[in-house]
Amino acid sequence: LVSFTDKLIKFEKNNPYTQNFNDYYLNHRLDNGVLYDVYQRHPEFRKFAESDIILNEVGKTLGNNFYLYVNSFLYKPPGRSNEVPWHQDFLNKPDESEKILAWIALDDATISNGCLKVIPESHRQGFKDWYTKKGETHHDRLVEGSFNEGDKKYIEMKKGDVLLFSNYLIHGSDQNDSEFHRRAYRVVYKRIDTTYTPRGGPIVMRGNHPDTVNDDYKLHISKNKSIKNLYLNIRDAISTLKKGFNS
């Protein structure tokens, strides 16, 4: 995959077929080193997103039924302004269930070339206050002071390492000050409790099978039973009030 991405970065600058995909997928941001939806566009990425080693670990959090939410190839080129500000992924979708990200290092990721930095345990605290900076690739950002940046930890990785983390984890990366690219493949998975995807269609990675769906659905319903009961109580109370007004 590493040798393929060397060709891909050059190829996508003049790919005559790119426009054919833009009605379905997000436009690439070559200036910031992001190629979107490469699983769908390039078969070379698929075996990594479908790796049993990765999917088995993802399943420990998401259960037996989950799908590919989004994916992207990231290359942080040297000599450019490419710091990624502190953020949590999918801040603009707070009503959706948790997602698990697989960040696959295609190069050694070091502090000098802009490895990931995280705030440990921040995924347990839910979404923080945030704002949108228009015109930026990484436009959804956390409000300064909403967390303790002094708790940050750099995650240096070897080529081939995989980091799994929740979309609630606060993370970012510094500018690449080395002489080399820092490349990675980012894959996001989500339970099939809902099957919305930001673009394209849901691609099931595990489950949606008669042996797994029923038990998984029952567990999902059980977890949300208290919320449903609250809804029913509110509905009954509103119905009673309406009857009182009409009598």
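Structure: see above.
Residues numbered from 1 in each chain as written. Predicted model: local features only at pLDDT ≥ 70, side-chain atom pairs only at ≥ 80, totals over all residues. Heavy atoms only, no water.

Enquirer: Any details on helix H5 (residues 52-62)? Residues and values, ideally.
Expert: Every buried residue of H5 is listed here: Ile54, Leu55, Val58, Gly59 and Leu62. Looking straight down H5, one finds its buried side chains confined to an arc of 135°; they lie on one side. Opposite the buried face of H5, by more than 90 degrees, sit the exposed residues Ile53 and Lys60. Looking at the buried positions of H5, the neighbouring elements they touch are helix H4 (46-49), strand E2 (66-76), strand E4 (99-105), strand E9 (162-166), strand E11 (182-191) and strand E12 (203-206). The positive-phi residue at the C-terminal boundary of H5 is Gly63, with phi of around 90°. (Buried < 20%, exposed > 50% of the residue type's maximum accessible area, 1.4 Å probe, protein only. Helix = DSSP H or I, 4+ residues; strand = E, 2+ residues; numbered from the N terminus. Arc of directions from axis to C-beta. Contact = heavy atoms within 4.5 Å.)

Enquirer: I'd like to hear about the side chain of Ser173, residue by residue, with values.
Expert: Take Ser173: it is sitting in strand E10 (residues 171-173). Residue classification places Ser173 among the buried positions, given a relative accessible area of 3%. For Ser173, the side chain forms a polar contact with the side chain of Lys76, separated by 3.0 Å. Ignoring any residue separated from it by four or fewer positions in sequence, one finds Ser173 in contact with Lys76, Glu83, Val84, Gly114, Cys115, Leu116, Lys117 and Arg182. (Polar contact = N/O pair within 3.5 Å; in protein donor to acceptor, adjacent residues only side chain to side chain.)

Purely spatial values, then, with no claim about function.
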